[in-house]
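# Working through the structure, step by step
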Amino acid sequence: MALERTFSIIKPDATRRNLTGAIVKKFEDAGLRVVASKRIHLSKAQAGEFYKVHAERPFYDELCEFMASAPIVAQVLEGENAIAKNREVMGATNPADAAAGTIRAEFAESVGENSVHGSDAPETAEVEIAYFFSGLELVG
Ligand code: CDP
Ligand code: MG
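In this text, all values refer to a predicted model and were calculated from it rather than measured experimentally.

### Comments concerning the overall build of the chain
The helix and strand tally for the chain stands at 7 helices and 4 strands. Ordered by position from the N terminus, the helices and strands of the chain form the series β-α-α-β-α-α-β-α-α-β-α. Relative to the compact-globule value of 14 Å for 140 residues, the chain shows a C-alpha radius of gyration of 14 Å, a close match. When the backbone C-alpha atoms are referred to their principal axes, the chain occupies close to 40 × 35 × 25 Å. Split into buried and exposed, the 140 residues of the chain put 44% on the buried side. As presented, the chain carries roughly 7,200 Å² of accessible surface, and 53% of it is formed by carbon and sulfur atoms. When the 15 positive and 21 negative side-chain charges of the chain are each reduced to one mean point, those points stand 4 Å apart.

And the structure:
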């Protein structure tokens, strides 16, 4: 299986509750390596650009407000099958449906404030990584 990279965000509900370390530990315990990381505070416009695929959804405005409400931690995770593995460690979008032991089951507050983002396919991973990081910042 090929080494793969995916994009991850630790969302404002989690940074606000000081859960960054606990969430990174979940990634590392699953065999994912943090090869780039930065803590930033998005503007609502920047959050809107990132989530533009959801622009027509009823939750879009609230989602952009939330993503700009406190700092996030943007990361690139590397590992075997990293995209699927990260989605597995994250758990289902709605924490009520997330499997026991997943990040969202343990930490998410609601379907909107659900602690983490993770890319869903190689194409989105590439676009999302490039939105947040230059090649020079992918340090391994
Ligand atoms: O994050 P994930 O890929 O699991 O879910 P998504 O369907 O791509 O939705 C993106 C984000 O929108 C979710 O992680 C939630 O923060 C938010 N969302 C929401 O607020 N209400 C929903 N009914 C669905 C998603
Ligand atoms: Mg998604």
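### Considering the site of ligand 1
Surrounding ligand 1, one finds Lys11, Tyr51, His54, Phe59, Leu63, Arg87, Thr93, Arg104, Val111, Gly112 and Asn114. One of the side-chain nitrogen or oxygen atoms of His54 is found 3.1 Å away from an oxygen atom of ligand 1. Mapping ligand 1 onto the cavity grids shows that it belongs to the largest pocket. Along the lines of polarity and charge, the residues of the shell around ligand 1 split into 4 nonpolar, 4 polar and 3 charged.

### Remarks on the sheet that holds strand β2 (residues 33–40)
The 4 strands are arranged β2-β3-β1-β4 in an open sheet whose pairing can be described as antiparallel. This sheet does not close on itself; its edge strands, each paired only once, are β2 and β4 (116–118). Each neighbouring strand pair of the sheet contributes to a mean axis angle of 20°, computed without reference to strand direction. Sitting on the sheet, helix α7 (residues 122–132) touches β1 (3–10), β2, β3 (72–80) and β4, and the angle it makes with β1 is about 55°.

About the criteria used
Residues numbered from 1 in each chain as written. Chains lettered and ligands numbered in written order. Predicted model: local features only at pLDDT ≥ 70, side-chain atom pairs only at ≥ 80, totals over all residues. Heavy atoms only, no water. Helix = DSSP H or I, 4+ residues; strand = E, 2+ residues; numbered from the N terminus. Rg over C-alpha atoms; globule rule 2.2 N^0.38 Å. Buried < 20%, exposed > 50% of the residue type's maximum accessible area, 1.4 Å probe, protein only. Areas by Shrake-Rupley, 256 points an atom, 1.4 Å probe, with all protein chains shown as cover. Lys, Arg positive; Asp, Glu negative; His and termini not counted. Charge placed at Lys NZ, Arg CZ, Asp CG, Glu CD. Near = heavy atom within 4 Å. Polar contact = N/O pair within 3.5 Å; in protein donor to acceptor, adjacent residues only side chain to side chain. 1 Å grid on protein atoms, 1.4 Å probe; cavity = no way out; pocket = protein on both sides within 12 Å on 5 of 7 lines; lining within 4 Å. Sits in = over half its atoms within 2 Å of the grid points. Nonpolar A, V, L, I, M, F, W, Y, C, P; charged D, E, K, R; others polar. Pairing = 2+ DSSP bridges. Axes fitted to C-alpha atoms, helices over the stretch in contact; angles between N-to-C directions. Contact = heavy atoms within 4.5 Å.

Interpretation in functional terms is not warranted from these geometric data alone.
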